[in-house]
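Letter by letter, the chains look like this.
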Protein chains: 2
Amino acid sequence: MAQLTLNITMSLDGFIAGPNQTLDEPLGEGGERLHEWLFPLASFRERHGLGGGGETGTDDDVVKENLAATGAVVMGRRMFSGGAGPWEDDPNADGWWGDDPPFHVPVFILTNHARKTVDKQGGTSFTFVTGGIEAALDQARAAAGDKDVSLAGGAEVVQEYLKAGLLEELQIHVVPLLLGDGVSLFDSLGGDPVKLDATRVIESPAVTHLRFRVPR
Amino acid sequence: MAQLTLNITMSLDGFIAGPNQTLDEPLGEGGERLHEWLFPLASFRERHGLGGGGETGTDDDVVKENLAATGAVVMGRRMFSGGAGPWEDDPNADGWWGDDPPFHVPVFILTNHARKTVDKQGGTSFTFVTGGIEAALDQARAAAGDKDVSLAGGAEVVQEYLKAGLLEELQIHVVPLLLGDGVSLFDSLGGDPVKLDATRVIESPAVTHLRFRVPR
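Residues numbered from 1 in each chain as written. Chains lettered and ligands numbered in written order. Predicted model: local features only at pLDDT ≥ 70, side-chain atom pairs only at ≥ 80, totals over all residues. Heavy atoms only, no water.

Novice: I'd like to hear about the sheet that holds strand S7 (residues 148-153) of chain B, residue by residue, with values.
Specialist: Residue and element names in this part refer to chain B. Taken together, 9 strands build an open sheet; the order of strands is S5-S6-S4-S3-S7-S1-S8-S13-S12 and the sheet is mixed. Looking at strand neighbours, the two that pair on one side only are strand S5 (118-119) and strand S12 (197-203), the edges of this open sheet. Where S12 lies against strand S13 (residues 208-213), 6 bridges are found, and the strand directions are antiparallel. What sits directly across from Ile202, in S13, is His209. Of the strands in this sheet, strand S1 (4-11), strand S3 (70-76), S7, strand S8 (169-175), S12 and S13 are in contact with helix H2 (residues 58-69), which crosses S3 at around 90 degrees. In the packing of helix H5 (residues 155-163) onto the sheet, contacts are made with S1, S3, strand S4 (106-110) and S7, and the angle to S7 comes to roughly 135 degrees. (Pairing = 2+ DSSP bridges. Helix = DSSP H or I, 4+ residues; strand = E, 2+ residues; numbered from the N terminus. Contact = heavy atoms within 4.5 Å. Axes fitted to C-alpha atoms, helices over the stretch in contact; angles between N-to-C directions.)

Novice: Describe the pattern of salt bridges, with residues and values.
Specialist: All names here are of chain B. The full count for this structure, using the stated rule, is 13 salt bridges over all chains. When the shortest N-O distance is used, the salt bridge between Glu156 and Arg78 registers 3.6 Å. With Glu156 in helix H5 and Arg78 in helix H3 (residues 77-81), this pair connects stretches of sequence that are 78 residues apart. We classify Glu156 as exposed; its relative accessible area is 52%. Residue Arg78 is classed as partly exposed on the basis of its relative accessible area, which comes to 35%. (Salt bridge = Lys/Arg side-chain N within 4 Å of Asp/Glu carboxyl O. Buried < 20%, exposed > 50% of the residue type's maximum accessible area, 1.4 Å probe, protein only.)

Novice: Just give me the short version of the relation of the copies chain A and chain B, but keep the residues and values in it.
Specialist: What relates the two chain copies is a rotation about an axis together with a slide along it. For the pair chain A and chain B, the relating rotation is 180 degrees, the translation along its axis is 0.0 Å, and the fit reaches an RMSD of 0.0 Å. This pairing of chains is accounted for by a two-fold axis. Taking the C-alpha atom as reference, chain A places Gly14 of chain A closest to the rotation axis, 3.3 Å from it. (Least-squares fit on C-alpha atoms with pLDDT ≥ 70 in both.)

Novice: I'd love a proper account of the confidence of the model for chain A, names of residues and values included.
Specialist: Chain-level statistics for chain A give a pLDDT mean of 92 and a share of 94% at 70 or above. For this predicted complex, the interface confidence comes out at an ipTM of 0.94, alongside a pTM of 0.94. (pLDDT = per-residue confidence, 0-100.)

Novice: Can you tell me about the side chain of Gln159 of chain B, naming the residues and giving the values?
Specialist: All names here are of chain B. By the secondary structure assignment, Gln159 is in helix H5. With a relative accessible area of 6%, Gln159 lands in the buried category. If sequence neighbours within four positions are ignored, Gln159 has contacts with Ser184, Leu185, Phe186, Asp187, Ser188 and Leu189.

Novice: Hey, could you go over the environment of Glu46 of chain A for me, with residue numbers and the actual values?
Specialist: Residues and elements named next belong to chain A. Position of Glu46 relative to the elements: it lies in helix H1 (residues 42-47). Taking the relative accessible area as the measure of exposure, Glu46 reaches 64% and is therefore exposed. Taking the C-alpha atoms as reference points, Glu46 and Pro102, 56 residues apart in sequence, are found 9.1 Å from one another.

Novice: Describe the interface of chain A and chain B, listing the residues and the values that go with them.
Specialist: The partner chain B presents 27 residues to the 27 residues of chain A that form the contact. Between chain A and chain B, a total of about 2,700 Å² is buried, with carbon and sulfur atoms accounting for 69% of that surface. Contact with chain B buries area across many residues of chain A, yet Leu12, Pro176 and Leu178 of chain A alone supply 25% of it, more than any other trio. Where chain A meets chain B, there are 0 salt bridges. Along the contact surface separating chain A from chain B lie 6 residue pairs in polar contact (both at pLDDT 80 or more). Sorting the residues of the side of chain A that touches chain B by element identifies strand S9 (177-178), strand S11 (194-195), strand S12 (197-203) and strand S13 (208-213) of chain A as the ones contributing at least two each. (Buried area = accessible area lost by both parts, 1.4 Å probe. Polar contact = N/O pair within 3.5 Å; in protein donor to acceptor, adjacent residues only side chain to side chain.)

The structure is reproduced here in C-alpha cells:
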C-alpha cells in the first residue's frame, strides 16, 4: 500500500513559512528565503514550467527522487487556497496554483466545503475531501497506485496526520537560516514523545536533507 | 580571541528540555530522552566521573572535540540553579551540579545576585557576573585563553547572545525525537532572519551533528 510521506523545507528554528501569509505572499514575510535552495534546481524549473536548464547535483537528485516516488498529494485547504485569510472559506476559490500546477498528479484537499473535482493541465487534479484525514488518505492511496502519497502541508495538517499515527516517513530539508518568526512545523504537537528512526542524511552547502521513519 | 560557541542537543521539533523543569527533574518531563545519545559515551562517562569504559566512535569523537576546544563556559542562572523555580532567586543556591561538576573549566553565570566565586573540584569554578552578557563573555574569554568559550544555555540566554550578534558558531545535535512540548531553543527569537553558513554535518544513528557559523 502506498506510504504517506512528508517532504518539507524547514528553517533551523523550525519554520516552514514566514509570518503574515497572504495571497500575494503565500510563503509569508521572508518565507521565500526558505525555498531559495529549490529555485535554481533543474527538477524544480522543469516541474514549474520555467524552461530548461538549472542546476543538477545532490539537491536536484533529492528532489527528483521525491517527485518520481509521488503518485498523489494530500494538502490542507489553506495551502490550496493561498494561506490563511478570508478567501479560504470561499468555496469557489481557485487557489493560487494557476492553470498548470506543479504537482502533475491527483491532489486531495482537506476541506469542509464539498465541490466538484477540478482538472488542471499537466496531470494535476484537485479533489475536495470533506470526510476527514483518513478519507483523504484512502482516496489518495487509491490514486497513487504503487507510488507514495506526499503530504504537502500546512503545519496543522502535518500535525494531524502525525498525531493520528498515519505519517510513515518524513524528509525535512533543513536550511541554514534562523527565520525568527512564522509558521512552526511542529508547534503544539503535544502528546507523548515520538521516537523516530533516522534513516538518511544528505548534505549540501544550501540545505541538509534529514530523513526519518515513524516506527509503527 | 576566543570564539563563542554553542553545543546543544535539540529534538527534531526544536526542544532542548521537556516541560515542567524542577530541581529533581532539571531536564523536564521526558527531557532525559534528549540526552540518551550522550550517556553511553566514553567521554561523557569520564567527564561525569562515572568510571572507565563507554562507547567510542563518531558521537564520542564529536563530544571529545568539543570538550578539548572549551576553555570556559557561560550559562544562565536558571541552568546553574536547576531550572526555573523559586530557588533561582536564592543567592545562596548551590545549583544542582554537586561537588565535582562536569565542566572542569571556569564557568561564568549570568545573574542579578552578586556573590563570591565558588571553587569546586576538578577545575570547575562558578563566577557570578552581574554586568550582563557582554561582561560575562569578556570574563570568560580572558579565562579561556586560546580555547573557545562554550555557551551552555538555557534557551533565553542563547537567544540573547544570538540577538546581540555575539554567538559565532552553533553545533546542534539533532536527535530523532518529537518531544511534543518543552523548552524551545529558538522560540521567540524574532528580529530579521539570520542566514547561517552550514559548515559540517556528522551523522550517526542516534544523532545528527549540524554545525553552523554566524556570518559577521
